[in-house]
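# Overview (structure and organization)
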Amino acid sequence: MSFPVYLIGARGCGKTTVGKLLARQLDYHFCDTDQQLQQHLEQSIADYVEQYGWEMFRQQEHQTLTAVASNNTVVATGGGIILREDNRHHMSHSGTVIWLSVDHQILVERLTADPEIGQRPTLTGRPITEELYDVLQQRTPLYQQAAHHVIDANQPPEKIVTDILTALSHDALTA
Ligand SMILES: Nc1ncnc2c1ncn2[C@@H]1O[C@H](COP(=O)(O)OP(=O)(O)O)[C@@H](O)[C@H]1O
Ligand SMILES: O=C(O)C1=C[C@@H](OP(=O)(O)O)[C@@H](O)[C@H](O)C1
Ligand SMILES: [Mg+2]
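Note that the structure is predicted; figures quoted are calculated from it, not measured. (Residues numbered from 1 in each chain as written. Chains lettered and ligands numbered in written order. Predicted model: local features only at pLDDT ≥ 70, side-chain atom pairs only at ≥ 80, totals over all residues.)

This part is about the overall build of the protein. What the protein contains, in helices and strands, is eight helices and five strands. The N-to-C order of helical and strand elements in the protein reads β-α-β-α-α-α-β-α-β-α-α-β-α. With the principal axes as the frame, the protein shows a C-alpha extent of 45 × 35 × 25 Å. Within the span of the protein, comprising 175 residues, buried residues form 30% of the whole. Long-range contacts, defined here as pairs at least 24 residues apart, represent 78% of the contacts in the protein between residues at least 6 apart. (Helix = DSSP H or I, 4+ residues; strand = E, 2+ residues; numbered from the N terminus. Buried ≥ 20, exposed ≤ 12 C-beta atoms within 10 Å, placed from the backbone. Contact = placed C-beta atoms within 7 Å.)

In structure tokens:
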């Protein structure tokens, strides 16, 4: 029985994409807090936030995170999960936290090209790629604080998975 693996990082860093691949490699379950939440709310994040605001979304997100964390599971989180101290504490004490670190310019390129961009409502009222610089400045120390491992996620998904598996195997050796 192995503890959950949490993927954290900015919008577009690849948590959902890499999480699915990693779960397959580890033969773990895969869970995405955003997908779980949308099923529970029966509406998209964009619609929910428009109706109830970010504060309520963060509350719902917290409840989802604590409900999904089970062993043998890769959990792809939302980019803002690290904003709450209780979320950071919960992840770092219940499993292994992997930060997928991606350069600003590459995030902009990925988000601009992503067909799901409409599902990522603006956090500040500005277009997502414009607000990214400020959001990263605010959140980078929080990703750093929560993570057990930092992975260079400017690479193809398969290489990122290999690097995560290497980091996890080092943990197993030192446990
Ligand atoms: N390593 C990668 N290299 C190139 N494109 C990627 C990579 N990871 C994700 N993408 C693309 O970037 C977009 C956002 O990926 P996603 O997994 O939804 O990120 P997140 O869940 O972190 O917001 C998607 O269009 C996805 O196909
Ligand atoms: O950065 C954020 O605050 C958010 C990121 C999104 O998830 P992704 O990181 O998977 O895009 C989603 O949870 C919501 O739109 C809020
Ligand atoms: Mg995602």
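Once that is clear, we can look at the UniProt feature "binding site: Mg(2+)" (unreviewed entry) in the protein. Those residues carrying the UniProt feature "binding site: Mg(2+)" (unreviewed entry) are Thr16 in this numbering. Under the C-beta neighbour-count criterion, Thr16 is labelled partly exposed, with 18 such atoms within 10 Å. With sequence-adjacent residues up to four places away left out, Thr16 is seen in contact with Asp32 and Ala76. (UniProt positions renumbered as here; feature names shortened; annotations may be inferred.)

Another aspect to go through is the site of ligand 1. Lining the immediate environment of ligand 1, one finds 15 residues, of which Gly14, Lys15, Thr16, Thr17 and Asp114 sit closest. Where the shell around ligand 1 is concerned, the elements lending two or more residues are helix 1 (15–26) and helix 8 (157–174). With three residues, helix 1 is the largest single contributor of residues to the shell around ligand 1. (Near = placed C-beta within 6 Å.)

Turning our eyes to something else, we now look at the UniProt feature "binding site: substrate" (unreviewed entry) in the protein. According to UniProt, the positions carrying the feature "binding site: substrate" (unreviewed entry) are Asp34, Arg58, Gly79 and Arg139. For Gly79, the location among the structural elements is in the loop between strand 3 (73–76) and helix 5 (85–94). With 21 C-beta atoms counted inside 10 Å, the residue Gly79 sits in the buried group. Dropping the residues within four chain positions of it, Gly79 is found in contact with Gly9, Ala10 and Arg11.

Lining the immediate surroundings of ligand 2 are Arg11, Lys15, Thr16, Asp34, Ile45, Gly78, Gly79, Gly80, Arg120, Pro121 and Leu123. Among the residues forming the shell around ligand 2, the class breakdown is three nonpolar, four polar and four charged. (Nonpolar A, V, L, I, M, F, W, Y, C, P; charged D, E, K, R; others polar.)

Moving on to the environment of Gly80. In this fold, Gly80 is placed in the loop between strand 3 and helix 5. In sequence terms Gly80 and Tyr143 are 63 residues apart; their C-alpha atoms lie 9.6 Å from each other.

To continue, consider the nonpolar core. Counting 33 residues, the largest nonpolar core has Tyr6, Leu7, Ile8, Ile98 and Leu100 as the members making the most contacts within it. Mapped by element, the contributors of at least two residues to this core are strand 1 (5–8), helix 1, strand 3, strand 4 (96–101), helix 7 (128–146) and helix 8. Apart from the residues lying within four places of it in its own chain, the contact partners of Tyr6 are Val75, Thr77, Met91, Gly95, Val97 and Ile98. (Core = buried A, V, L, I, M, F, W, Y, C linked by C-beta atoms within 7 Å.)

Turning to the sheet that holds strand 2 (residues 29–32), a few remarks are in order. Strand order across the open sheet formed by five strands is 2-3-1-4-5, with parallel pairing between neighbours. The two strands at the open ends of the sheet, each matched to only one other strand, are strand 2 and strand 5 (149–152). Neighbour to neighbour, the strand axes of the sheet diverge by 25° on average, direction disregarded. (Pairing = 2+ DSSP bridges. Axes fitted to C-alpha atoms, helices over the stretch in contact; angles between N-to-C directions.)

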